Amino acid sequence: MIALTRMRLHGFVRTGRAVAPLIAALAALSILYGGGRAEPGEAYGVSALVAFPVLAWQTKILLDVEPDVQRRLARVALGSAARETVAGLLAAAVAGLGTIAVALAAPWVFQAVEVDPGDAVGRAVLIGLGVHLLALGPAVALGALASRAVTRTAGMGAAVLVTGSVLAVVLGLHGSPVPWLVPPLMAAARYTASGGPTLTALTLITHALLWTTATTYAYTHLRHTRP
């Protein structure tokens, strides 16, 4: 399974398909941080929200690199549909960590953060890492659900990707009657901007894990029921 994960990552990078999401992330972050300076929590909270559709799109691209026949052969070689599916999700998560590293460095490169003399830069980066990891799991799950193996057509895949990304914002707004239907990206952005009790952070993490688990289950079920 590790070998298949490495092969998929290698194919993603070697074919140049990794470039487009990276450029998109850099463009979005440069626009975001070009508006002025902000506190680290606020900057990173919004950054994770912006990175979410990019990470989901990156996942879809990575999973779509492999031809359908090769994917079926990999399933036979591993002897388990579950292991083949996990290898793809793991490769997408590892690729997402590279994009997150860029997002963590961006506000410092653009000099778009204000750090109080008494605050540690390391703590600010840890907050940024936490909120971006909170977005990574749901983004990988959404991107997988939009992949060709499930949606079959490019148009349907794009529709799933765009709809999921838009709903994550709209249904996550303050006062939404059904915020639990989407990953807690907006809630996390509000939390990092204003701070809050540890219990709130644990609630956000639990929400993100449950949403990721449910969406990943839907993805694996559709993968296993389709040739």
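Right above here is the structure, for reference.
Now for a description of the structure that goes with this document. (Residues numbered from 1 in each chain as written. Predicted model: local features only at pLDDT ≥ 70, side-chain atom pairs only at ≥ 80, totals over all residues. Heavy atoms only, no water.)

**Observations concerning the overall build of the protein chain**
Then step 1. Along the protein chain, the regular secondary structure elements total 10 helices and zero strands.
Then step 2. Taken as a whole, the protein chain presents about 11,200 Å² of accessible surface, with 71% of it coming from carbon and sulfur. (Helix = DSSP H or I, 4+ residues; strand = E, 2+ residues; numbered from the N terminus. Areas by Shrake-Rupley, 256 points an atom, 1.4 Å probe, with all protein chains shown as cover.)

**So, a nonpolar patch on the surface**
Then step 1. On the surface, Met-1, Ile-2, Val-86, Leu-90 and Val-94 cluster together to form a nonpolar patch covering roughly 380 Å² of accessible area.
Then step 2. The biggest single contributor to the nonpolar patch is helix H5 (residues 81-109), with three residues.
Then step 3. Along the polypeptide, Met-1 turns up in the segment before helix H1 (2-14). (Patch = residues over 30% accessible without salt bridge, like charges linked within 9 Å, V, L, I, M, F, W, Y side chains within 5 Å. Salt bridge = Lys/Arg side-chain N within 4 Å of Asp/Glu carboxyl O.)

**Details of the packing of H1 against helix H3 (residues 40-65)**
Then step 1. Where H1 meets H3, the closest approach of the two axes is 9 Å, and the angle between their N-to-C directions is 105°. In terms of orientation, H1 and H3 fall into the roughly perpendicular class. Seen from H1, the contacting residues are Arg-8, Leu-9, Gly-11 and Phe-12; seen from H3, they are Gln-58, Ile-61, Leu-62 and Val-65.
Then step 2. Residue composition of the contact of H1 with H3, grouped by class: five nonpolar, two polar and one charged. (Axes fitted to C-alpha atoms, helices over the stretch in contact; angles between N-to-C directions. Parallel < 35°, antiparallel > 145°, perpendicular 65-115°, else oblique. Contact = heavy atoms within 4.5 Å. Nonpolar A, V, L, I, M, F, W, Y, C, P; charged D, E, K, R; others polar.)

**Comments concerning the pattern of salt bridges**
Then step 1. For the structure shown, the criterion picks out three salt bridges.
Then step 2. A salt bridge links Glu-84 to Arg-223; its shortest N-O distance comes to 2.6 Å. Separated by 139 residues along the polypeptide, Glu-84 in helix H5 and Arg-223 in helix H10 (residues 198-224) bring together distant segments of the chain.
Then step 3. Each of the salt bridges in this network shares a partner with another, and the network as a whole consists of Arg-8, Glu-84 and Arg-223.

**Notes on H1**
Then step 1. An ideal rise of 1.5 Å per residue puts 18 Å on 13 residues; H1 measures up with 18 Å between its terminal C-alpha atoms.
Then step 2. Taken together, the buried positions of H1 are occupied by Leu-4, Thr-5, Arg-8, Leu-9, Gly-11 and Phe-12. Buried residues of H1, viewed axially, fall in a sector of 160°; they line one side. Exposed side chains of H1 directed beyond 90 degrees from the buried face belong to Ile-2, Ala-3, Arg-6, Val-13 and Arg-14.
Then step 3. Trailing H1 by a residue or two, Gly-16 shows a phi angle of about 85°, which is positive. (Expected span 1.5 Å × (residues − 1). Buried < 20%, exposed > 50% of the residue type's maximum accessible area, 1.4 Å probe, protein only. Arc of directions from axis to C-beta.)

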